[in-house]
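Structural description and commentary
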Amino acid sequence: MWFHVLKQRRKTNYLIVDSKTTAKQIEDAFKEFTTREDIAIVLISQYVANMIRFLVDGYNKPIPAILEIPSKDHPYDPAHDSILSRVKHLFSTESVASGRR
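Rules used throughout
Residues numbered from 1 in each chain as written. Predicted model: local features only at pLDDT ≥ 70, side-chain atom pairs only at ≥ 80, totals over all residues. Heavy atoms only, no water. Helix = DSSP H or I, 4+ residues; strand = E, 2+ residues; numbered from the N terminus. Buried < 20%, exposed > 50% of the residue type's maximum accessible area, 1.4 Å probe, protein only. Areas by Shrake-Rupley, 256 points an atom, 1.4 Å probe, with all protein chains shown as cover. Salt bridge = Lys/Arg side-chain N within 4 Å of Asp/Glu carboxyl O. Arc of directions from axis to C-beta. Contact = heavy atoms within 4.5 Å. Patch = residues over 30% accessible without salt bridge, like charges linked within 9 Å, V, L, I, M, F, W, Y side chains within 5 Å. Core = buried A, V, L, I, M, F, W, Y, C linked by side-chain atoms within 4.5 Å. pLDDT = per-residue confidence, 0-100.

**Thoughts on the overall build of the chain**
Across its full length, the chain holds five helices and two strands. Mapped from its N terminus to its C terminus, the chain presents α and β elements in the order α-α-β-α-α-β-α. Looking at the 101 residues of the chain, the share that counts as buried comes to 25%. As displayed, the chain offers around 8000 Å² of accessible surface, 60% of which is attributable to carbon and sulfur atoms.

This is the structure we're talking about:
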């Protein structure tokens, strides 16, 4: 009985997205996962991230880190990866500031 009660209090740390999952459910899960203190990294397929791109692009906290990964059905496109874009911008800004190109 004790184990059963403990198990009921745990929150899941994943969302399985399929054709029936709504954008609202994905948004809600993203918001929850990025505010929980027990989550350090959020892995999200780029295909799913594109469904909530405004949230992913607007997220700017270091923890949890957001990592966009490819899915087996959709190829990865670095041009849509907001974190990669920020890193490229950061390095290009540092290069200009230091006089290097």
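**Overview of the pattern of salt bridges**
With the rule as written, the count across this model stands at five salt bridges. One salt bridge connects K24 with D28, and the closest N-O pair in it is separated by 2.9 Å. Taken together, the residues span about one helical turn, with K24 and D28 both in helix 2 (residues 23–33) at a distance of four residues. Ionic pairing is found between R36 and D38, a salt bridge with its closest N-O pair at 2.8 Å. The exposure class of R36 is buried, given its relative accessible area of 13%.

**Let's talk about helix 2**
For helix 2, every residue scored as buried is listed here: I26, E27, A29, F30 and F33. Relative to the axis of helix 2, the buried residues are bounded by an arc of 165 degrees and lie together on one face. On its buried face, helix 2 is in contact with strand 1 (41–45), helix 3 (46–51), helix 4 (53–58) and strand 2 (65–69).

**Some remarks on a nonpolar patch on the surface**
A surface patch of nonpolar side chains, about 360 Å² in accessible area, is lined by I41, L43, L67 and I69. Put simply, the parts of the chain that give the nonpolar patch at least two residues each are strand 1 and strand 2. Looking at the element boundaries, I41 is found in strand 1.

**Some thoughts on the environment of E32**
Tracing the sequence through the fold places E32 in helix 2. Between the C-alpha atom of E32 and that of N13, which follows or precedes it by 19 residues, the distance is 9.4 Å.

**A closer look at the nonpolar core**
Burial of nonpolar side chains together is a common tendency in soluble globular proteins. Formed by 14 residues in total, the largest nonpolar core has its most connected members in F30, F33, V42, I44, I52, V56 and I66. Mapped by element, the contributors of at least two residues to this core are helix 2, strand 1, helix 3 and helix 4. Discounting residues that sit within four places of it in the chain, I52 has contacts with A23, I26, E27, F30 and I44.

**Examining the confidence of the model for the chain**
Residues at a pLDDT of 70 or more form 82% of the chain, whose mean pLDDT is 83. Mean pLDDT values over the elements of the chain span from 51, in helix 1 (residues 2–9), up to 97, in helix 2.

**Quick look at the side chain of S45**
Mapped onto the fold, S45 is located in strand 1. In this view, S45 contacts I69 and S71; residues no more than four positions away in its chain are not counted.

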